[in-house]
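# Survey of secondary and tertiary structure
Here is how the chains run, residue by residue.
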Amino acid sequence: MIGDGTALFTIGELARATGLTVRTIRYWSDEGALPPVTRSSGGYRLYDAGSVARLELIRTLRELGLGLDDVRKVLDGEKDVASVAAAHVAALDTQIRSLRVTRAVLSTVARRGSTAEEMTLMNKLARLSAAERQRILEEFVDEMFHGLDTADPVVRDRMREMAVDLPDEPTSEQVDAWVELAELLQDPRFRARMRRVAEFNAADRGPEAPAGASMWFSRKLVRLAAEARERGIAPESPEAGRILRDLLGDADPAAVLERLRSGVSEEVARYRELLSVVKGRGPASAHRAEFAWVVAALEARTGG
């Protein structure tokens, strides 16, 4: 402090009083955020008590991540703190979403032991727009049902309209699931398998079959098989035969077995689980055990 009663401070005195470095204070002063109130006879910049308060506000705004341009506008009254804070919150939200994606990609790379090429692909898939993600799903469904006029329209339309958009604040699990799902949807082997599932479903639907019958059959299968497993009924037992008759009616058991085998692979089950995670529902059950019980029961009666 200058000892002539003017209560003026040099940069060094400000540094000692605030704990900031001389270099930082000088930089803020050079950038116009902390202009000196005057200069000493020797040319040194001098600041007053108002400068000390201004310096504390600059430090607070900088610690909150605001750039010096916004800091200057707040200090000069060109912007109010509330509007600058709101804009900064929006910018931070964008950064946080980007960091979540980055973290998820790196976690997946570390878990898989991926190559640089695989990492590049995963990063690209993770950062696709909502429209680009939807396009991948729609192309997959179109290929799956192309030319199958007897395919169940409810199943086809529900798959095509199923949103795969990530939320504004996706978890690492959701980003990881989307990357795996996108890879699966674009895998020619998986597409061929799902096409086979659609062909089986279309082949055993008669012209009078009501829309949504395939979904109804799956729900009934899961319910009956779950009850049978809970009661400890073995797939090869006579009681299992009665359950199958209730499930299948007059349908050919061998044809149903072939249809189920096409649709109960690990990849198909994983596809259902990944969709559930991406949509924020958690890892929903793919009912592997229930489908496996029905397949075993049919194999016991058709010779495998």
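Our subject in this report is the structure included herewith. (Residues numbered from 1 in each chain as written. Predicted model: local features only at pLDDT ≥ 70, side-chain atom pairs only at ≥ 80, totals over all residues. Heavy atoms only, no water.)

### Here we look at the nonpolar core
Within the largest apolar cluster, 37 residues are counted, with the highest numbers of intra-cluster contacts made by F140, F145, M159, W178, L181, M194 and Y271. For this core, the elements supplying multiple residues, two or more each, are α5 (81–112), α6 (116–126), α7 (130–145), α8 (153–161), α9 (172–185), α10 (188–203) and α14 (266–278). By residue number, the principal contributor to this core is α9, which donates eight residues. In contact with M194, other than residues within four places in its own chain, are F140, M144, M159, V268 and Y271. (Core = buried A, V, L, I, M, F, W, Y, C linked by side-chain atoms within 4.5 Å. Buried < 20%, exposed > 50% of the residue type's maximum accessible area, 1.4 Å probe, protein only. Helix = DSSP H or I, 4+ residues; strand = E, 2+ residues; numbered from the N terminus. Contact = heavy atoms within 4.5 Å.)

### Focus on the environment of W293
Here W293 lies in helix α15 (residues 288–302). Judged by relative accessible area, W293 falls into the buried class, the value being 6%. Placed 67 residues apart in sequence, W293 and A226 show a C-alpha to C-alpha distance of 8.8 Å. For W293, the residues in contact, after removing those within four places along its chain, are A225, A228, R229, I233, A234, P235, A240 and I243.

### Looking at the packing of helix α12 (residues 238–248) against α15
One way to put it is that α12 packs onto α15 with a least axis distance of 10 Å and a crossing angle of 105 degrees. In terms of their interaxial angle, α12 and α15 are classed as roughly perpendicular. Every residue of α15 that contacts α12 at P238, A240, G241, I243, L244, L247 and L248 is listed here: W293, V294, A297, L298 and R301. In terms of residue class, the contact of α12 with α15 is built from 10 nonpolar, one polar and one charged. (Axes fitted to C-alpha atoms, helices over the stretch in contact; angles between N-to-C directions. Parallel < 35°, antiparallel > 145°, perpendicular 65-115°, else oblique. Nonpolar A, V, L, I, M, F, W, Y, C, P; charged D, E, K, R; others polar.)

### Describing the side chain of S29
Positionally, S29 belongs in helix α2 (residues 22–30). Looking at S29, its side chain comes within polar contact range of the main-chain oxygen of L34, at 2.9 Å. Those residues in contact with S29, other than ones at most four positions away along the chain, are L34, P36, R45 and Y47. (Polar contact = N/O pair within 3.5 Å; in protein donor to acceptor, adjacent residues only side chain to side chain.)

### So, the packing of aromatic side chains
Per the counting criterion, the structure on display carries three aromatic pairs. Ring centres of F140 and F190 lie 5.7 Å apart, and the angle between their planes is 10 degrees; this geometry places the pair in the stacked category. Here F140, found in helix α7, pairs with F190, found in helix α10; they are 50 residues apart in sequence, far enough to count as distant. For the pair shown, F140 and F190 are each scored as buried. With 5.7 Å between their ring centres and 45 degrees between their planes, F190 and Y271 make a pair best called tilted. Note that F190 is positioned in helix α10 and Y271 in helix α14, a separation of 81 residues in sequence. For the pair F190 and Y271, a shared accessibility class is recorded, and that class is buried. An aromatic cluster is defined as three or more aromatic residues linked by ring pairs; in this entry it consists of F140, F190 and Y271. Directly above the aromatic system of W178 lies the positively charged group of R133, at a separation of 6.0 Å from the ring centroid. (Phe/Tyr/Trp six-rings, centres within 6.5 Å; stacked < 30°, edge-to-face > 60°. Lys NZ or Arg CZ within 6 Å of the ring centre and 35° of its normal.)

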